[in-house]
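Remarks on the overall topology
Next come the chains, spelled out residue by residue.
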Amino acid sequence: MKNTVLIAIASAILVITLAGCGESKESKRNLAVIAREAEARRITRELAEAERRRKIEEARKWHRIQMEAYEKSMTPKKK
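The notes below deal with the structure included here. Every chain's residues receive numbers from 1 upward, in the order its sequence appears when written. A pLDDT threshold of at least 70 governs which residues receive local features in this predicted model, and a stricter bar of 80 or more applies before side-chain atom pairs are shown or counted, although totals over entire chains, interfaces and linings include all residues. Just so you know, side-chain values use all the structure's heavy atoms and leave hydrogens and water out.

Attention shifts here to the overall build of the protein. Per the secondary structure count, the protein includes two helices and zero strands. Within the protein, the fraction of its 79 residues that count as buried is 6%. Just so you have it, the protein exposes about 7,300 Å², and 61% of that area is on carbon and sulfur atoms. A helix here means a DSSP run of H or I that spans at least four residues, while a strand means a run of E at least two residues long, and both kinds are numbered starting from the N terminus. The cut-offs for exposure are 20% and 50% of the maximum accessible area for each residue type, with area from a 1.4 Å probe on protein chains only; residues under the lower value are buried, those over the upper are exposed, and the others partly exposed. Each accessible area is a Shrake-Rupley estimate made with a 1.4 Å probe; only the visible protein chains count as cover when residues are assessed.

In structure tokens, the structure reads:
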């Protein structure tokens, strides 16, 4: 996804350059908007990935606790 965004931005810059429209205020503004949107998407993806990893780690921790309790309950008590 990150590569796709970078390729899209690079393609937009290349098209603008090859079209000969130069660096108008509008094109600069459009490129800035595209760059901000790409950065916002990147940040959103990173936050979602961090949340997903946190939930996975929390589930693993809970599973370990449950398995320890299960093993403890299944172990015969010493007299």
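Before going further, it helps to spend a moment on the environment of serine 27. Residue placement: serine 27 occurs in helix H2 (residues 25-74). In this structure the C-alpha to C-alpha distance between serine 27 and alanine 12, which are 15 residues apart in sequence, comes to 9.9 Å.

Nonpolar side chains collect at one region of the surface, where Met67, Tyr70 and Met74 lie side by side and expose about 320 Å² of accessible area between them. For methionine 67, a relative accessible area of 35% corresponds to the partly exposed category. Excluding any residue in a salt bridge, patches collect residues exceeding 30% relative accessible area, merging like charges within 9 Å and nonpolar Val, Leu, Ile, Met, Phe, Trp and Tyr side chains within 5 Å. A pair is scored as a salt bridge if a Lys or Arg side-chain nitrogen falls within 4 Å of a carboxyl oxygen belonging to Asp or Glu.

Here we take up the pattern of salt bridges. Per the stated rule, a full pass over the model turns up eight salt bridges. Glutamate 46 is paired through a salt bridge with arginine 42; the nearest N and O atoms lie 2.5 Å apart. One end of the pair, glutamate 46, and the other, arginine 42, are both in helix H2, four residues apart, so they sit about a helical turn from each other. Accessibility expressed as a relative area gives 45% for glutamate 46, which makes it partly exposed.

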